[in-house]
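# Reading the structure
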Amino acid sequence: MPISISALIIRAQQRLNLTPVQRSVLRDGAIVLFLFLLALALRLPYLHDVPRYPWDELRETRVALSILRGEAFPLTNFDGYIGALYNYILAGAFLVFGEHPVIPHLVVAFISSATAPVVYLFGKEIDNRTTGFIAATLLCCNAQQIFNGSHFGYSNSLTPAFTTLALWLICRALKGKRPWSFVAGAFTFGLALQTHPTAVVLVPAIVTVFFLGGRPWLRGRWPVLVIGAASLGCANVIAYNLATFGGGVVAGLAQREIYASGRPLTLDLYPAHFLRGIGMFLRLFEASGIWPSTPVPWWPETLLLQVSPICLLVGCVLLVLRRQYLIPITLISSIVLLPLLLAYQVDWYRYWMLALPPGLVAIAFGITSAVRWVGALRRSWPVYSVTALCVAILAAHPLPALWRMYAVRSQVHPTNREMDRLAALVLNAVRPGEVVLIYEFILAQPKPDESSEARTLSYLLLLSREGPSLMVLRESAESPFSFALAHPDQTYLLVVPSSTPIPDNMDHSVGAKANPFEIDPRSPAKELGLAVTLVHFRSN
């Protein structure tokens, strides 16, 4: 007689002589490990290929390298309104694994993957294991979180991980009456705040639930400990602002003015941008939000687009009825405050990533609540089977669009691998004492993202252990040849488009000086897809 799997598990548990608590911990550990590996497996493909380096990576990686090389130990990131937490994490990764351009993406991918187990624990704290597992599975397969939340090596990519951890700890504190967990959540919120100031949208939710659910803690030491823990989490940012008389705040306001692009930030404009913000938040759950072309037929895509908002609304309403206000207030404050913080620049998905995990927990709670209600009326196993199939489809449907986007972007030349070869050629060509002078738009070619070939090349050269001194010359500035001639005391290796005419300043009379510009024979071949010329400048 065949032995069932459940019987084998029970027999194994009896042999191990595990208590119910130990069995529960073992089960949670297995689920956490599975979710982390699933999330990581979906984030590693094309990690070195899409997008092209860098975004803000060049600036933030330079800070990490200065820490690693002992040149500086800053309190903040390149931007004074962001803390240096990510830079120190990245410096540690460089120390352990070496200075390779893919390391920032790997760091972000691992931390992003660790968000999935936290979402599972968060959903379990809200309701049960099923809710947590559904929410975490949806996060693992979410195309926006895989790409915009895992493929860009900058501090803001860490924000959702720390905000989700803070929300779970606070929820755990309220449900289990554990004030020390609230203190830990406040500290984690401080860490989230220094990864990016948009984390401040959690403040209304944290303060509200503290006063509603933590009334016994309002007297005595707990309010002081909570505020102190949050301050400790971003102590370096506070110290920087005290030392510079609000330099970080000034930098943040200046960046907000840049986002405004000269538009008046009046409240008359707020309703329209608020509605756009709602649209951006809802598009986090859509496959078309990552790439408009998808092999999924239009009718299941249209049907699935209706499922997430409905389950989200149902889940939030049920949470309010159960007096669990943390997730609804978090989502409301995110949608209300982010347009104001971003000067109405709400079209970048990365700023909405912190609202995705609590939104997915609400969706999962709406699904499990509906299934329990239907299962109570009819036979439960068919309901559960159909629900499992629907959840699997809901989780997997963004992936075809993601893979198509990868396939298209990875074939746009020059790829990161081709730029790697160009960086190797430059390193072989540069002579002692030469400064590499890169023309900003060295390749006049349309790009599917915000990357710049000159910045990508700078990034790759920066991560070379024996990298030369670098300069990037903007297109609007003088030509690189004029710049070099204006600084005759310095020798340069110019990286310019092959279509750029090289001046011939030779005086062919007897005894005249030679042309200071010399084309390097190691300039890349056309087969690399890189129409670039390497030119040495040496004043005679």
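As a starting point, this report considers the structure included with it.

What counts and how
Going along each chain's sequence as written, the residues are numbered from 1 onward. Where local features are concerned, this predicted model is filtered to residues with pLDDT of at least 70; where side-chain atom pairs are given and counted, the filter is 80 or more; whole-chain, interface and lining totals use all residues. Side-chain calculation: all heavy atoms of the structure are included, whereas hydrogens and water are not. Segments assigned H or I by DSSP are reported as helices when at least four residues long, segments assigned E as strands when at least two residues long, and all are numbered from the N terminus. Residue exposure (1.4 Å probe, protein chains only): buried if accessible area is under 20% of the type maximum, exposed if over 50%, otherwise partly exposed. Residues count as neighbours in contact if any of their non-hydrogen atoms are within 4.5 Å of one another. Each accessible area is a Shrake-Rupley result for a 1.4 Å probe, and residues are judged covered by the shown protein chains and nothing else. Think of a patch as exposed residues, more than 30% relative accessible area, with no salt bridge, where like charges cluster within 9 Å and nonpolar side chains (Val, Leu, Ile, Met, Phe, Trp, Tyr) cluster within 5 Å. Salt bridge, as used here: a side-chain nitrogen of Lys or Arg that lies within 4 Å of a carboxyl oxygen of Asp or Glu. Paired strands, as defined in this entry, are two strands with at least two bridges between them according to DSSP. Between N-to-C directions, angles span 0 to 180 degrees; the directions come from axes that are lines fitted to C-alpha atoms, helices contributing only their stretch in contact. Throughout, the arc means the angular range of directions from the helix axis out to the C-beta atoms. Residues belong to a common nonpolar core when they are buried Ala, Val, Leu, Ile, Met, Phe, Trp, Tyr or Cys residues joined through side-chain atoms within 4.5 Å. What counts as a ring pair is set by centres within 6.5 Å for rings of Phe, Tyr and Trp (its six-membered ring), and what kind of pair is set by the plane angle: stacked under 30 degrees, edge-to-face over 60, tilted for all other angles.

## Focus: the overall build of the chain
Each helix and strand in the chain was counted, giving 22 helices and 5 strands. Within the chain, the fraction of its 540 residues that count as buried is 52%. Long-range contacts, defined as pairs at least 24 residues apart, comprise 76% of the intrachain contacts of the chain with a sequence gap of at least 6. Accessible surface computed for the chain: about 25100 Å², of which carbon and sulfur atoms make up 66%.

## Observations concerning a nonpolar patch on the surface
A contiguous nonpolar surface patch, about 430 Å² in accessible area, is contributed by Val-200, Val-203, Val-207, Phe-211, Leu-218 and Leu-341. Sort the elements by how many residues they give to the nonpolar patch and helix H10 (residues 203–213) lands first, with 3 residues. Mapped onto the elements of the fold, Val-203 is located in helix H10. Owing to a relative accessible area of 31%, Val-203 belongs among the partly exposed residues under this scheme.

## A look at the sheet that holds strand E1 (residues 435–439)
Sheet architecture is open: 5 strands sit in the order E2-E1-E3-E5-E4, paired in mixed fashion. The two strands at the open ends of the sheet, each matched to only one other strand, are strand E2 (470–473) and strand E4 (517–519). With direction set aside, neighbouring strand axes in the sheet form an average angle of 25°. With 4 bridges joining them, E1 and E2 adopt parallel strand pairing. Along E2, the bridge assignment pairs Tyr-439 with Leu-473. Sitting on the sheet, helix H20 (residues 416–429) is in contact with E1, strand E3 (492–497) and strand E5 (532–537), with an inclination near 20° to E5. Relative to E1, helix H21 (residues 453–462) is tilted by about 155°, and along the sheet it contacts E1, E2 and E3.

## Thoughts on helix H12 (residues 235–243)
Taken residue by residue, H12 has Asn-236, Val-237 and Asn-241 as its buried positions. Seen from one end, H12 has its buried residues packed into an arc of 135°, which puts them on one side. Seen from the buried face of H12, the exposed residues on the opposite side, beyond 90 degrees, are Leu-242 and Ala-243. On its buried face, H12 is in contact with helix H9 (179–195), helix H11 (222–233) and helix H13 (247–260). Two residues or fewer past H12, Phe-245 is found with a positive phi of approximately 55°.

## A word on the nonpolar core
Counting 87 residues, the largest nonpolar core has Phe-122, Phe-182, Phe-281 and Leu-402 as the members making the most contacts within it. If you tally residues by element for this core, the top one is helix H17 (residues 356–377), at 9 residues.

## Digging into the packing of aromatic side chains
On inspection of all chains with the given rule, the structure shows 22 aromatic pairs. Seen in terms of ring centroids, Phe-147 and Phe-152 are 5.2 Å apart; in terms of plane orientation they differ by 70°. Their pairing is edge-to-face. Taking the relative accessible area as the measure of exposure, Phe-152 reaches 3% and is therefore buried. With a centroid separation of 6.0 Å and an interplanar angle of 80°, the aromatic rings of Phe-182 and Trp-217 are classed as edge-to-face. Here Phe-182, found in helix H9, pairs with Trp-217, found in the loop between H10 and H11; they are 35 residues apart in sequence, far enough to count as distant.

## Side note on the side chain of Gln-324
Tracing the backbone through its elements, the reader meets Gln-324 in the loop between helix H15 (298–321) and helix H16 (326–341). In contact with Gln-324, other than residues within four places in its own chain, are Ile-126 and Leu-319.

## Overview of the side chain of Ser-157
With respect to the helices and strands, the residue Ser-157 is situated in the loop between helix H7 (143–147) and helix H8 (159–176). With residues near it in sequence (within four places) discarded, Ser-157 still touches Val-108, Asn-148, Gly-149 and Phe-152.

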